[in-house]
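# Close look at the chain arrangement
This is what each chain is made of:
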Amino acid sequence: MPTGPNPVAARLDSYWTAARMTAALPADAAKGSETGPALSPAVDGPRPGEYIPPSRSFDGIPQAGTFFWTDAQGTGRTCSGSVVRGPGRDLVLSAGHCLKGYSGTARQRRLAFVPQYHDGVKPYGVFPVGANGVYVPQQYYDLGEHAGAAYDFGFAVTEPNQDGTSLQDAVGGVRLLTGTGYDHAPVRMIGYPAGAAKPLECWSRTTRWPSDDPADPGTFPRIACDAFVGGTSGGPMLVPRRDGWAVIGVIGGYHTGGNTAQVSYSAYFGSATRALYDAATTGAPPAGPGGVRG
C-alpha cells in the first residue's frame, strides 16, 4: 500500500481548512434543464455559513467532455458527460434530462460527444451518438424530470470518430461504481458551463440529502462546489481508485442537478443504474416515452 503523502487528500484538506464563512452567491438557473426556468432556489442550495469549495477553469481530462448537437437549424453545445468503461468501448454517462430528448431512431436533433473539449479544440475528435443509442430509465420517461428525479441518469452509445477509433480506445474510461453509499471524499467534480471555453473542476465531498420537496422525491448525494451553472449537468463526480478514476454520480436529479451554482446533486447510483448500464452494454432495446422501446 502506498505510504507517502496523498496530494489529493492534501488538496481537499486545504479547501476545508480555508475560510468557512464564504457568502452564498446569487442563485443561477437549474443546471442543464432544457424544459423551462428554474424552480425556487429556496428548496435547495447552500446552508447558512456553509463553506463552498472553489472551482477552477482548466483544460480538462480525456475521460470527460461535452456534447454537441446538430439539426436543420444549426449546431450547439449542451451538457457534460464522462466515458465509462464497457465491453463495447463506446459508452458515455450523463444525466437523463440531458439525453432523453435525443432518443430513438428518427431523431430530429443529432448528438455527438467531444472528450476534453477546450478553447475550441477537439483533441480526440467527435464521436457521434448512434441511432437508438440513448439509454434513459423507463421510470424517468414515465414520471418526468421532477417526480422521477431519482432516475436522472443515462448512457449514450457512440460510434467511432472520423479516424475510425472507438471512444474508450481514444481516451480510456472511468469505472462505474454503484451501491457504494452517499458519503465520499475526496470527490472531483467536472462540468462544462454553457458558453465557457474550458471546463471547471472542484474538489469536495458528497453527503446524503433526503429531498425536502415532495415534487422531487428521493434521497440524493449532495456536493458543495462553486460556479457549477447551466451546462454542467451530466458532469461526473469522480473518486480516485487504484486503477484510476471511478464515477459515483453525475450532476442531475433533485431539481435537475441543483438550483444554485454552489450546490449540486446526483441521483443515487444503485441497482437501477446498474441495470441501465447492463442494457446499454448488451444492446438491449432502449426505453422510451410511453414505454415504447426501440
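Residues numbered from 1 in each chain as written. Predicted model: local features only at pLDDT ≥ 70, side-chain atom pairs only at ≥ 80, totals over all residues. Heavy atoms only, no water.

### Looking at the overall build of the protein
- Across its full length, the protein holds five helices and 14 strands.
- Restricting the contact set of the protein to residue pairs at least 6 apart, pairs at least 24 apart contribute 74%.
- Element-wise, carbon and sulfur atoms account for 55% of the exposed surface of the protein, whose accessible area totals about 11800 Å². (Helix = DSSP H or I, 4+ residues; strand = E, 2+ residues; numbered from the N terminus. Contact = heavy atoms within 4.5 Å. Areas by Shrake-Rupley, 256 points an atom, 1.4 Å probe, with all protein chains shown as cover.)

### Overview of the packing of aromatic side chains
- In total, this model carries nine aromatic pairs according to the counting rule given.
- Ring geometry for Phe 220 and Tyr 254: centres 5.5 Å apart, planes at 25°, overall stacked. Placement of the pair is Phe 220 in strand β11 (residues 219–224) and Tyr 254 in the loop between β13 (244–250) and β14 (263–265), with a sequence separation of 34 residues.
- The class of Phe 220 is buried, set by a relative accessible area of 0%.
- Under the relative-accessibility criterion, Tyr 254 is labelled buried at 0%.
- A ring pair is formed by Tyr 254 and Tyr 265, whose centres lie 4.6 Å apart and whose planes are at 80°; its orientation type is edge-to-face. One end of the pair, Tyr 254, is in the loop between β13 and β14; the other, Tyr 265, is in strand β14, and 11 residues separate them in sequence.
- Grouped by ring-pair contacts, the aromatic residues Trp 209, Phe 220, Tyr 254 and Tyr 265 constitute a single cluster.
- For the cation-ring pair, Lys 122 lies above Phe 68, with the distance from its terminal atom to the ring centre recorded as 4.7 Å.
- One Lys or Arg, Arg 274, reaches over the ring of Tyr 277 and ends 5.3 Å from the middle of that ring. (Phe/Tyr/Trp six-rings, centres within 6.5 Å; stacked < 30°, edge-to-face > 60°. Buried < 20%, exposed > 50% of the residue type's maximum accessible area, 1.4 Å probe, protein only. Lys NZ or Arg CZ within 6 Å of the ring centre and 35° of its normal.)

### Some points on the state of the cysteines
- Within the structure shown, the criterion is met by two disulfides.
- Disulfide pairing places Cys 79 opposite Cys 98 at an S-S distance of 2.2 Å. With the S-S dihedral at roughly -80°, the linkage between Cys 79 and Cys 98 falls on the left-handed side. One end of the pair, Cys 79, is in strand β3 (residues 74–84); the other, Cys 98, is in helix α2 (residues 96–99), and 19 residues separate them in sequence.
- Relative accessible area serves as the criterion here: at 3%, Cys 79 is assigned to the buried category.
- Accessibility expressed as a relative area gives 2% for Cys 98, which makes it buried.
- Each bonded cysteine of the protein is numbered by sequence order, and under that numbering the disulfide pairs are 1-2, 3-4. (Disulfide = S-S within 2.5 Å.)

### Thoughts on the nonpolar core
- Of all hydrophobic cores here, the largest spans 22 residues; its most connected members are Val 84, Leu 93, Tyr 135, Phe 155, Leu 176, Val 247 and Phe 269.
- The element contributing the most residues to this core is helix α5 (residues 271–282), with four residues.
- In contact with Phe 155, other than residues within four places in its own chain, are Leu 91, Val 92, Leu 93, Leu 99, Gly 133, Val 134, Tyr 135, Leu 176, Thr 273, Leu 276, Tyr 277 and Ala 280.
- Trp 69, Tyr 102, Tyr 140 and Leu 167 belong to the second largest nonpolar core, which has 18 residues in total. (Core = buried A, V, L, I, M, F, W, Y, C linked by side-chain atoms within 4.5 Å.)

### Description of helix α3 (residues 138–147)
- When α3 is considered as a whole, its buried residues turn out to be Gln 138, Tyr 140, Tyr 141 and Glu 145. All buried residues of α3 lie within an arc of 130° about the axis, which places them on one face of the element.
- Of the surrounding elements, those touching the buried residues of α3 are α2. (Arc of directions from axis to C-beta.)

### Considering the confidence of the model for the protein
- Mean pLDDT over the protein: 87, with 85% of residues reaching 70 or higher.
- A low-confidence stretch, residues 32–42 stays under pLDDT 50, and its non-local contacts, those more than four residues away or across chains, total 25 contacts. (pLDDT = per-residue confidence, 0-100.)

### A few points about the pattern of salt bridges
- Under the counting rule described, the total for this entry stands at nine salt bridges.
- Between Arg 222 and Glu 50 there is a salt bridge, with the nearest N and O atoms lying 2.9 Å from each other. With Arg 222 in strand β11 and Glu 50 in the loop between α1 (7–16) and β1 (55–57), the pair connects residues that are 172 residues apart, well separated along the chain. For the pair shown, Arg 222 and Glu 50 are each scored as buried. (Salt bridge = Lys/Arg side-chain N within 4 Å of Asp/Glu carboxyl O.)

### Section: the environment of Val 114
- Looking at the secondary structure, you find Val 114 in strand β5 (residues 110–115).
- For Val 114, a relative accessible area of 1% puts it in the buried group.
- Each C-alpha atom of the pair Val 114 and Val 126 lies 5.1 Å from the other, and the pair is 12 residues apart in sequence.
- If sequence neighbours within four positions are ignored, Val 114 has contacts with Gly 65, Thr 66, Phe 68, Lys 122, Gly 125 and Val 126.

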